[in-house]
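# Descriptive analysis of the structure
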Amino acid sequence: MPRPADELLLPNAVISPAWALFDAPWYLRTYPDAAHACAGDVAVALNYYLTIGGRAGHAPSMFFDETFYLARNPDIAALVRRGTYRSGFDHYCQHGYLALSPHYLFDDALYAAIYDDMTIENLARHNCYGRYDHYLKSGQRERRMAHFMFDAQYYRAAAIADNIAPETIDEVGPFSHYLRRVSEGEKEISPSVYFDAGWYKENAIGVQAALDEGVWRSALQHYLCNETPAAFDPVKEYSENFYLQTYPDVDHAVQSGYFRNGYQHFVQHGAFELRRPSAEIDLVYYRDVNSRVLTDLNTGAVRDAFAHLRLIGLKEGLRFCPPERVPDIDERAAKQLFILKARNALALYSHHRLDFTPRGVPQVAVVMVLHNKFELTMLALASLRDNYRDDIELIIVDNASTDDTRRIGTYVKGAHLIRAEANLGFLKACNLALEQAHAPALLYLNNDIELGHATLDLALARLQSDPLIGAVGGKVIRTHGRLQEAGSIIWADGTTSGYLRDASPLAPEANYVRDVDYCSGVFLLTRTDLVKSLGGFDEDFAPAYYEEVDLCVRMIEAGYRIVYGLPPRSPDRWAAICLRRRCLGATSLGWRHTTASSPTMTRCRQADFISRGYGPRPPSRIGVRARQ
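Owing to the predicted nature of the structure, the values given are computational and were not obtained by experimental measurement. (Residues numbered from 1 in each chain as written. Predicted model: local features only at pLDDT ≥ 70, side-chain atom pairs only at ≥ 80, totals over all residues. Heavy atoms only, no water.)

### Notes on the overall build of the chain
Of the regular secondary structure elements, the chain holds 31 helices and 16 strands. Scored against the burial criterion, the 628 residues of the chain give a buried share of 55%. With the model as given, the accessible surface of the chain reaches about 27400 Å², and the carbon-plus-sulfur share is 52%. (Helix = DSSP H or I, 4+ residues; strand = E, 2+ residues; numbered from the N terminus. Buried < 20%, exposed > 50% of the residue type's maximum accessible area, 1.4 Å probe, protein only. Areas by Shrake-Rupley, 256 points an atom, 1.4 Å probe, with all protein chains shown as cover.)

### Things to note about the side chain of Ser488
Relative to the elements of secondary structure, Ser488 occurs in strand E11 (residues 488-490). Accessibility expressed as a relative area gives 3% for Ser488, which makes it buried. Apart from residues no more than four positions distant in its own chain, Ser488 is found in contact with Ser497, Gly498, Tyr499, Val516, Asp517 and Tyr518. (Contact = heavy atoms within 4.5 Å.)

### Topic: the packing of helix H21 (residues 291-299) against helix H22 (residues 305-316)
Closest axis-to-axis distance for the H21/H22 pair is 11 Å, and the angle between their directions is 140°. Put simply, H21 runs oblique to H22. Taken as a pair, H21 and H22 cross one another with a handedness that is right-handed. Residues Arg292, Val293, Asp296 and Leu297 of H21 pack against Ala305, His308, Ile312 and Glu316 of H22. The residue makeup of the contact of H21 with H22, split by class, is four nonpolar, one polar and three charged. (Axes fitted to C-alpha atoms, helices over the stretch in contact; angles between N-to-C directions. Parallel < 35°, antiparallel > 145°, perpendicular 65-115°, else oblique. Left-handed = near helix turned anticlockwise from the far one by under 90°. Nonpolar A, V, L, I, M, F, W, Y, C, P; charged D, E, K, R; others polar.)

### Quick word on helix H11 (residues 152-161)
Looking only at H11, the buried set comprises Ala152, Tyr155 and Ala159. In an axial view of H11, the angular spread of the buried residues amounts to 60°, which keeps them on one side of the axis. Those residues of H11 that are exposed and aimed more than 90 degrees away from the buried face are Gln153 and Ala161. In this fold, the buried residues of H11 make contact with helix H12 (166-172) and helix H13 (174-183). Where H11 ends, the next residue or the one after it, Asn163, has phi of about 70°, a positive value. (Arc of directions from axis to C-beta.)

### Concerning the packing of aromatic side chains
Within the structure shown, the criterion is met by 39 aromatic pairs. Consider the rings of Tyr27 and Tyr31, whose centres lie 5.2 Å apart with planes at 55°: the pair is tilted. On the basis of relative accessibility, which here comes to 0%, the residue Tyr27 falls in the buried class. The ring of Tyr247 is capped by Arg275, whose NZ or CZ atom sits 4.8 Å from the centre of that ring. Over the ring of Tyr512 we find Arg514; its NZ or CZ atom is 5.1 Å from the centre of that ring. (Phe/Tyr/Trp six-rings, centres within 6.5 Å; stacked < 30°, edge-to-face > 60°. Lys NZ or Arg CZ within 6 Å of the ring centre and 35° of its normal.)

### Overview of unusual backbone geometry
For Arg143, which is not glycine, the phi torsion reads 65° and is therefore positive. Structurally, Arg143 can be placed in the loop between helix H10 (131-139) and H11. What makes Arg143 partly exposed here is its relative accessible area of 30%. Its identity is not glycine, yet Asp502 carries a phi of approximately 80°, on the positive side. Along the chain, Asp502 turns up in the loop between strand E12 (496-498) and strand E13 (514-515).

### Remarks on the side chain of Ser239
Within the fold, Ser239 resides in the loop between helix H16 (219-225) and helix H17 (240-246). Here Phe242 takes part through its backbone nitrogen, which lies 3.1 Å from a polar atom of the side chain of Ser239. In this view, Ser239 contacts Asp233, Pro277 and Ser278; residues no more than four positions away in its chain are not counted. (Polar contact = N/O pair within 3.5 Å; in protein donor to acceptor, adjacent residues only side chain to side chain.)

### Let's talk about the pairing of strand E10 (residues 483-486)
In this structure, strand E9 (residues 475-478) lies alongside E10, joined through three bridges in antiparallel fashion. Of the residues in E10, the one forming a bridge with Ile477 is Leu483. Here E9 hands over to E10 after four residues, with Gly481 in that stretch at a positive phi of 95°. (Pairing = 2+ DSSP bridges.)

### Observations concerning the nonpolar core
Membership of the largest hydrophobic core comes to 98 residues, with the highest contact counts inside it found for Trp19, Tyr27, Met149, Phe175, Tyr263, Phe266 and Phe306. Sequence-distant contacts of Tyr263, defined by excluding residues within four places in its chain, comprise Phe148, Met149, Tyr194, Tyr223, Pro234, Val235, Tyr238, Glu240 and Phe306. Counting residues in hydrophobic clusters, the runner-up holds 45 residues, among them Ala503, Ala510, Val531 and Met555. (Core = buried A, V, L, I, M, F, W, Y, C linked by side-chain atoms within 4.5 Å.)

### Considering the pattern of salt bridges
Summed over all chains, the structure comprises 30 salt bridges. Here Asp386 ties to Arg389 by a salt bridge, and the two come within 3.8 Å at their closest N and O atoms. One network of salt bridges, in which partners are shared, links Asp117, Glu142 and Arg144. (Salt bridge = Lys/Arg side-chain N within 4 Å of Asp/Glu carboxyl O.)

### Notes on the confidence of the model for the chain
Across the chain, the average pLDDT comes to 89, with 89% of residues at or above 70. Within the chain, the element-level pLDDT minimum falls on helix H30 (residues 597-605), averaging 54, and the maximum on helix H28 (residues 528-533), averaging 98. Scored below 50 in pLDDT, residues 583-597 shows 45 contacts in the model against residues more than four places distant or in partner chains. Confidence drops under a pLDDT of 50 for residues 617-624, and excluding neighbours within four residues, the segment shows 18 contacts in the predicted structure. (pLDDT = per-residue confidence, 0-100.)

### A word on a nonpolar patch on the surface
Together, Ile329, Leu337 and Leu340 give the surface a local cluster of nonpolar side chains, amounting to about 270 Å² of exposed area. Considering the arrangement of structural elements, one finds Leu340 in helix H23 (residues 331-344). The partly exposed category is assigned to Leu340, whose relative accessible area is 40%. (Patch = residues over 30% accessible without salt bridge, like charges linked within 9 Å, V, L, I, M, F, W, Y side chains within 5 Å.)

This is the structure:
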């Protein structure tokens, strides 16, 4: 072209793209202010749109979504505000039609990627002005896919099943028919096997009320255009939260803006890769145990296993999950079970005291800070004693507990017990214990954990393997079986992230040795002389949190390494330390919350170090999982 909107919308326009349509009845019905100004007269509606409505954010027809277009393209919205273009539609008429998506149900890039004949040059030879023009004129009737949530063939079949005459749909095309029904407020028919409008309206909080108020024209529009795309599930058989937690690579891609949410990835890629859409559904199992599924997939009768499950499998009762699979446990319930386990073991310690009395010279001092939560403390100490049979210099600081922790000496022998008259907080208590530590290695250990097999042995072996290793940490698993961290990252703004949080502990990225920015004080094995030379934790970070971040950075700046993961007994393989924790600290501070000043203080104290780091949510967190 290019031509502005006021030329293309005229009845005698030289060229007529299918999207360049002014639908006066639709316009007046959609915008009450325009209907009032025009006194309901369709004859003057176009002039009103061109002079006033376009600048007010109106769309000329149901085929163009002005709000979507400007939200998707903020640079164009800025040009419209400056008056360079009358509206987003005016920009689309002149330039956007070549590559931009004009509607929330048309993905120009997807249409170009799927169909090789959809080049702008080829379209021009056939008098099509952009891919959207082709789709409206013929693509929708050819059952081409232009959006991952609109399937023309599926919609046509669903509409016919809803007693709509086929010729009524074919006359205008499935896409146009769907938009017309939605714009007129008729019953919403789901246009894809990947979306269930009825289920969505019943289960997505606030959606039905928003539809009733006219904020959205359809449930699908809400799902595709709301400002919290990962907060809603489109069908019963898919869990956005589960998918992003299970597949951190997808979570990274979503955070980086490659996908709107995990479901977009799942429909476009994950379903073909047989990734699990929810905790209850195993698509590999579904394909392998049901011969019909594999046959239908090989013949192209169904696009993917998930679509097959929703179209056929659920209706016919096909098995989609191994019967022996243990269902996922809610983390809150898992924490309660962890506490119950600790409480049920208390009677054992009254008959068999835990003995930490050194028989020789300990190679490791263990510092544990307590404030109540006696049952968790005893479980942690029993785990430590069972995990490491050599001598331990155990230093316990009781921060003025009021429960049975006050009588811990009745249950534990050989510990150096420091009782504080008031709750000092985690950081100051650790520094108080540091003064009493004499062993060459020093382990900071939370009292709400269970150590994995041989954890401390392996950690000491790693620390002693290189004199430049200043600290060793490892894999921290929460009670419900998901990772808390596999090493941690410090971003350039001073904030931090536990690497691979919520991922599977079996993820390959969590199971190899590497240098990291820091490891959590949940289990942090250090060199006693090094920590003392650095003055312990910086008390400006009191009462807690960020103290281990700061300490690890000071070690790195002093020329030492912070290492995640440990060498197992076989010399040709590598493993990571493993411990399970309640993930709600047993100190009075709970799981030590971030204070507002901590990132700022870290940024100021360690400005040179963090200036070499990455900004929050880089294109791939995989790239920052290791310092080397």
